[in-house]
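Observations on the model geometry
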Amino acid sequence: MKLPDNLIDNSNDAKKDQFPIVGIGTSAGGLEALDEFFLNTPENTGMAFIVIQHLAPDHKGILSELIQRVTKMKVYTVSDRMKVKPNCVYVIPSNKSMSIYKGTLHLFKSIKTNGLRLPIDFFFRSLADDQHVRSVGIVLSGMGSDGSMGLKAIKEKSGMVLVQDPESAKFDSMPRHAIDSVMVDIVAHANEIPSRLIGLVRHPPVLVKKEELEKDTSSLEKIIILLRNHTGNDFSEYKKNTIYRRIERRMGVHQLKKIASYVRYLQETPAEVEILFKELLIGVTNFFRDPAFWDELKDKIFPSIFEKLPKRYILRIWIPGCSTGEEAYSMAMVFKEALEKANLNKNISLQIFATDLDIDAIEKARKGIYPPNIVNDVSSGRLSRFFTKTDNHYKVNPEIREIVVFASQNLIKDPPFTKLNLVSCRNLLIYLDSPLQKRLMSLFHYTLNTDGYLLLGSAETNGTIGNLFTSINSKLRIYQRAGISEKEDLSFQGSSSHHKPGNMDNKSEKKIEDNIQVLTDQILLQQYSPASVLTTNKGDILYLTGDIGKYLAPAAGKANMNMLAMAREGLRNELPGAFRKALQSFEKVILSNIKLVTNGRTHLVTVSLNQLEKP
């Protein structure tokens, strides 16, 4: 049923050239979905619609005529340098790629990237760069994964993302890849998307004025409290405008006009708190983002580091805010390439610590599995060397995967990694308030070795650097550790607020700190930890904690310190299979309610097995 025109709010018409531009991507099964979409789209929404459909290069396009039959809006087949206007539909011609620049459409010859044509990703990315908050990406029925990477770009620029419900799509591959890749604003049937989109546009995210922020302080604080109670993470030092934009987006999804109403909705709907938490994490990344940066790293920064290192050195890099792992793996690949190019006989290796608040993102990163359209960002040479291709994805090869340790970490309150050669914190600081940015600069200074490097994002300013770092390449935001850290309250250091990071090189203080840490760990392990065994990949025991006598006992015959051989009755049959399964991935394997026999008595026990990542 078509949405009545009187549901459209045109009371505050957008300024000329400032209206939402909607990119619609589809392929197989798309004609049916497009019919449902435009049959239910009013002619005066104030938006422009641009349709990108996969077509064979020799296909004669009649899509414009087909769409014109179901809409009163004017439908155009795009010609080069066509200006986009509201309340119109634009359709990509056959055998072309298309981008948008300053509201004008530009056509390019369609080419394959590593065997794939990805016109939807190509257009969505340009739409995000050109229109920012006014960009809208919609993915309908289709095969493959085209569009999912472009939706991530739109989301990063605070645009809107809508996807056809995979259950209603004739071909569900494109919608499912989109939902797996980004936090989607709306998932709905094609005929429902127009009304949901209009609801979002009526609540657009805007920059909130200072006086409005002060007026809404109470509601904002309540939301921060709910987030902290639900997730354990404190967003009070995030930029308020960033938080408000994400809140207003969610208010638009639920058609709520007052922030106080959204507070009540959060209280009543724990799942919404989790969604808002994900929205605030801004988990967007790509392989080899900003190519000039990676070229500089490969050609200058890594070679400079290599020259100063002794033989058999393990280079240590920390990447906070790693999201789904693309940057961490990119770093490992560039390191490999730079080391080979340097042709040194030093046997230098690399250890990357990649961390993020988002546990789901960390799990995806650990798997190292990415959709086919990473071909837009990864060269054919790197794909063939560092990835294994299957029909539906690319998987990072073990030589790269084993370099990176992924872990969940709260950058603001959890202890950092130390003795680092390089910290890469790109496009995270821009979401944090200035006092927190300054504190993190001091933290990074503390974690880095002398002459260690700090890498920031292209959108981040130099204002928080102070005298802690010297600029190596200001355009690419590459810095080197220098100076003495200012006195900061870094909670990970210990109880003394007068303790300065710059004094941590004192050997006696360091020895005392290490001894205290070891003593504390031992007390906790002895009194509170469950019985645990650390083994090799063959089950040979390396270390024991707690009382393991209930679960393991020496086997008769020649002494054998193998966990599988020592397992008691009941556990003996279940453990080997679970152990083999645990070795196949880094996911936890759990054996529940195992009947264990000890000294003739039966106990129900739960056993968990984890394969540890290096080191």
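Scope of this entry: the structure provided in the associated data block.

Scoring rules and cut-offs
Residues numbered from 1 in each chain as written. Predicted model: local features only at pLDDT ≥ 70, side-chain atom pairs only at ≥ 80, totals over all residues. Heavy atoms only, no water. Helix = DSSP H or I, 4+ residues; strand = E, 2+ residues; numbered from the N terminus. Buried < 20%, exposed > 50% of the residue type's maximum accessible area, 1.4 Å probe, protein only. Contact = heavy atoms within 4.5 Å. Phe/Tyr/Trp six-rings, centres within 6.5 Å; stacked < 30°, edge-to-face > 60°. Patch = residues over 30% accessible without salt bridge, like charges linked within 9 Å, V, L, I, M, F, W, Y side chains within 5 Å. Areas by Shrake-Rupley, 256 points an atom, 1.4 Å probe, with all protein chains shown as cover. Salt bridge = Lys/Arg side-chain N within 4 Å of Asp/Glu carboxyl O. Expected span 1.5 Å × (residues − 1). Arc of directions from axis to C-beta. 1 Å grid on protein atoms, 1.4 Å probe; cavity = no way out; pocket = protein on both sides within 12 Å on 5 of 7 lines; lining within 4 Å. Points joined across faces, edges and corners; volume = space filled by probe spheres on them. Nonpolar A, V, L, I, M, F, W, Y, C, P; charged D, E, K, R; others polar. Pairing = 2+ DSSP bridges. Right-handed = clockwise from strand over helix to strand, strands pointing away.

Let's talk about the overall build of the protein
Along the backbone of the protein there are 20 helices and 24 strands. Looking at the 615 residues of the protein, the share that counts as buried comes to 49%. For the protein, long-range pairs separated by at least 24 residues make up 69% of all intrachain contacts whose partners lie at least 6 apart in sequence.

Some thoughts on helix α4 (residues 148-156)
With nine of nine residues buried, α4 is to be regarded as a mostly interior element. The complete set of buried residues in α4 reads Ser-148, Met-149, Gly-150, Leu-151, Lys-152, Ala-153, Ile-154, Lys-155 and Glu-156. Positive phi shows up at Ser-158, right after α4, with a value of about 70°.

Describing the packing of aromatic side chains
Tallied over the full model, the rule gives 20 aromatic pairs. Consider the rings of Phe-38 and Phe-49, whose centres lie 5.9 Å apart with planes at 80°: the pair is edge-to-face. Placement of the pair is Phe-38 in helix α1 (residues 30-39) and Phe-49 in strand β2 (residues 48-53), with a sequence separation of 11 residues. Using a relative accessible area of 1% as the deciding quantity, one classes Phe-38 as buried.

Quick notes on a nonpolar patch on the surface
A cluster of nonpolar residues, Leu-534, Leu-542, Tyr-543 and Leu-612, forms a patch on the protein surface that exposes about 440 Å² of accessible area. Within the element layout of this structure, Leu-612 appears in the segment after β24 (601-609).

Quick word on the pattern of salt bridges
With the rule as written, the count across this model stands at 22 salt bridges. In this structure, Asp-433 engages Lys-240 in a salt bridge whose closest nitrogen and oxygen atoms are separated by 3.5 Å. On the criterion of sequence distance, the pair formed by Asp-433 in the loop between β17 (420-425) and α17 (434-447) and Lys-240 in helix α9 (residues 240-253) is long-range, its members being 193 residues apart. Look at Lys-240 and you get partly exposed, because its relative accessible area is 26%. Among the charged side chains, a salt-bridge network with shared partners connects Lys-155, Asp-185, Arg-249 and Glu-279.

Some details on the side chain of Ser-219
Tracing the chain through its elements places Ser-219 in helix α8 (residues 217-231). For Ser-219, a relative accessible area of 13% gives the class buried. If we ignore the near neighbours within four places in the chain, the residues touching Ser-219 are Ile-259, Ala-260 and Val-263.

Quick word on α8
Given 3.6 residues per helical turn, the α-helix brings residues three or four places apart onto the same face. Look at α8: 21 Å from first C-alpha to last across 15 residues, which is about the 21 Å you get at 1.5 Å a residue. Turning to α8, its buried residues number three or more, namely Ser-219, Leu-220, Ile-223, Ile-224 and Leu-227. Taken end-on, α8 shows its buried residues confined to a sector of 140°, consistent with a single buried face. For α8, the secondary structure elements touched by its buried residues are α9, α10 (259-268) and α11 (270-281).

Some thoughts on empty space enclosed by the protein
The tally for this structure, following the rule as stated, stands at two cavities of 30 Å³ or more. Taken as a whole, the largest cavity encloses approximately 470 Å³ of empty space. For the largest cavity, the lining is made up of 33 residues, of which Pro-320, Gly-321, Cys-322, Asp-356 and Leu-428 are closest to its centre. Those elements that provide at least two residues to the lining of the largest cavity are α11, β11 (314-320), β12 (349-356) and β17. Considered class by class, the residues forming the lining of the largest cavity number 18 nonpolar, 10 polar and five charged. Its volume calculated, the second largest cavity comes out at about 40 Å³.

Quick look at unusual backbone geometry
A positive phi is found at His-132, a non-glycine position, where the angle reads about 50°. Summarising the element assignment, His-132 is placed in the loop between α3 (119-131) and β8 (135-139). Looking at His-132, the relative accessible area reads 38%, which means it is partly exposed.

As for the pairing of β2
Counted residue by residue, β2 has six buried out of six residues, so it is predominantly covered. Where strand β1 (residues 21-26) meets β2, six bridges bridge the pair, whose relative direction is parallel. Counted as the bridge partner of Ile-21 is Ala-48 from β2. At this point the chain moves from β1, through α1, to the parallel β2, and the crossover so formed is right-handed. Sheet topology note: the β2/strand β5 (residues 88-91) ladder contains three bridges and is parallel. By the bridge assignment, Phe-49 is partnered in β5 with Val-89.

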